[in-house]
Amino acid sequence: SYPVAQLPLFGNIPIEEACDSKNDPTLLPFAFFGSVHPEWNIGDAIAVVKKLAQSSGRQPLIRSIGLGGQHASRTWNQFRRAGVKVEEVGPLSPAAVSTTLATCDAALSAYPPDLIEKSGSAVSLFEHGLPVIITRPPIWGEQYLERVRENCPLAYWGKQLTDMKVLPQKLPRKSSLTEVAETFIRTLGEAC
């Protein structure tokens, strides 16, 4: 019998050295990287983005990286109709994704909180130090959320969003690839 353990994902975007970004100081940029899910609670996402932008005295902006899937166009149009500017930057090289993420102050995810650890895109957002706003409710109730809170301290959902007055600070960027690989190798060694 072999011991089984959960191995976390590492981000799928290598971290590039920070570049000098010339962000418009009147805008509060949020990154979106990944697929837009039809179950995403867009109304709540719009409300949170607008609330955080207003509290910072800036206008909200979403930088959508990649194609986003079949629901992206309709979703971004809903944000625009609600007064949130959206830049659809489209597919980029990994280096360009990293430098684009460096220009953002936070991120949005269409995943539910109890599946956020299974999203390579979300892990890339965490590795780039971005607080990630999650407006979908959990799929399986509360049973996995304590573990997610421990493993993903940059993930914000539920009551945290309701109580949030200002956007949390970005953290330093840090790849988890080496740590995950070392854990995998150690686990293999223990199984032999």
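These lines cover the structure that appears in this document, whether it is placed above or below. (Residues numbered from 1 in each chain as written. Predicted model: local features only at pLDDT ≥ 70, side-chain atom pairs only at ≥ 80, totals over all residues. Heavy atoms only, no water.)

## A short note on the overall build of the protein
At step 1: Counting its secondary structure elements, the protein contains seven helices and six strands.
At step 2: N-terminal to C-terminal, the α/β element order of the protein is β-α-β-α-β-α-β-α-β-α-β-α-α.
At step 3: In terms of C-alpha radius of gyration, the protein reaches 17 Å, essentially the compact-globule figure of 16 Å for 192 residues.
At step 4: Dimensions of the protein along its principal axes, counting C-alpha atoms only, are 60 × 40 × 30 Å.
At step 5: Going through the 192 residues of the protein one by one, you find that 43% of them count as buried. (Helix = DSSP H or I, 4+ residues; strand = E, 2+ residues; numbered from the N terminus. Rg over C-alpha atoms; globule rule 2.2 N^0.38 Å. Buried < 20%, exposed > 50% of the residue type's maximum accessible area, 1.4 Å probe, protein only.)

## Re the packing of helix H1 (residues 42-56) against helix H2 (residues 72-81)
At step 1: Relative orientation of the contacting elements H1 and H2 amounts to 40°, with a least axis distance of 10 Å. If you check the angle between H1 and H2, you find them oblique. Here H1 and H2 pass one another in a crossing that is right-handed. Contacts from Ile42, Ala45 and Ile46 of H1 reach H2 at Arg74, Thr75, Gln78 and Phe79. (Axes fitted to C-alpha atoms, helices over the stretch in contact; angles between N-to-C directions. Parallel < 35°, antiparallel > 145°, perpendicular 65-115°, else oblique. Left-handed = near helix turned anticlockwise from the far one by under 90°. Contact = heavy atoms within 4.5 Å.)

## Topic: the pattern of salt bridges
At step 1: What the rule picks out here adds up to seven salt bridges.
At step 2: Between glutamate 87 and arginine 63 there is a salt bridge, and its shortest N-O distance comes to 3.1 Å. Highlighted residues: glutamate 87 in strand E3 (residues 85-90) and arginine 63 in strand E2 (residues 59-65), separated in sequence by 24 residues.
At step 3: The class for glutamate 87 is partly exposed, based on a relative accessible area of 26%.
At step 4: For lysine 159, the salt bridge identified is with aspartate 163, shortest N-O distance 2.7 Å. In this pair, lysine 159 and aspartate 163 both sit in helix H6 (residues 159-163), four residues apart, roughly one turn of the helix.
At step 5: Assessed through its relative accessible area of 60%, lysine 159 is described here as exposed.
At step 6: Of the residues examined, aspartate 163 reaches a relative accessible area of 40% and is grouped as partly exposed. (Salt bridge = Lys/Arg side-chain N within 4 Å of Asp/Glu carboxyl O.)

## Some details on the sheet that holds strand E4 (residues 106-109)
At step 1: One open sheet accounts for six strands, arranged E3-E2-E1-E4-E5-E6; its pairing is parallel. Edge positions in the sheet fall to E3 and strand E6 (155-157), since each has one partner strand and no second. With direction set aside, neighbouring strand axes in the sheet form an average angle of 30°.
At step 2: As judged from the five bridges shared by E2 and E3, these two strands associate in the parallel manner. By the bridge assignment for E3, leucine 61 is matched with lysine 85.
At step 3: Helix H3 (residues 94-102) rests against strand E1 (27-33) and E2 of the sheet, and its axis sits at about 170° to E2.
At step 4: Along the sheet, helix H4 (residues 120-127) makes contact with E1, E4, strand E5 (132-134) and E6, crossing E1 at roughly 140°. (Pairing = 2+ DSSP bridges.)

## Notes on the nonpolar core
At step 1: Grouped together as the largest cluster of nonpolar side chains are 26 residues, with contacts concentrated most on Phe30, Trp40, Ile62, Trp76, Phe79, Leu108 and Ile133.
At step 2: At the level of secondary structure, the elements contributing two or more residues to this core comprise E1, H1, H2 and E4.
At step 3: The element best represented in this core is H1, accounting for seven residues.
At step 4: The contacts of phenylalanine 30, once residues within four sequence positions are left out, are Val49, Leu52, Leu61, Ile62, Arg63, Cys104, Ala106, Ala107, Leu108, Ile133 and Leu167.
At step 5: Core analysis: the next-biggest nonpolar cluster, separate from the first, contains 21 residues, Cys104, Leu125, Ile134 and Trp157 among them. (Core = buried A, V, L, I, M, F, W, Y, C linked by side-chain atoms within 4.5 Å.)

## Focus: a nonpolar patch on the surface
At step 1: A cluster of nonpolar side chains, namely Leu7, Phe184, Ile185 and Leu188, defines an oily patch on the protein surface of about 380 Å² accessible area.
At step 2: In this fold, isoleucine 185 is placed in helix H7 (residues 177-191). (Patch = residues over 30% accessible without salt bridge, like charges linked within 9 Å, V, L, I, M, F, W, Y side chains within 5 Å. Areas by Shrake-Rupley, 256 points an atom, 1.4 Å probe, with all protein chains shown as cover.)

## A few points about the state of the cysteines
Linking two cysteines covalently via their sulfur atoms produces the bond known as a disulfide.
At step 1: This model, assessed by the stated rule, comprises zero disulfides.
At step 2: Cysteine 152 carries a free sulfur, and the closest cysteine sulfur to it, the one in cysteine 104, is 19 Å from it. (Disulfide = S-S within 2.5 Å.)

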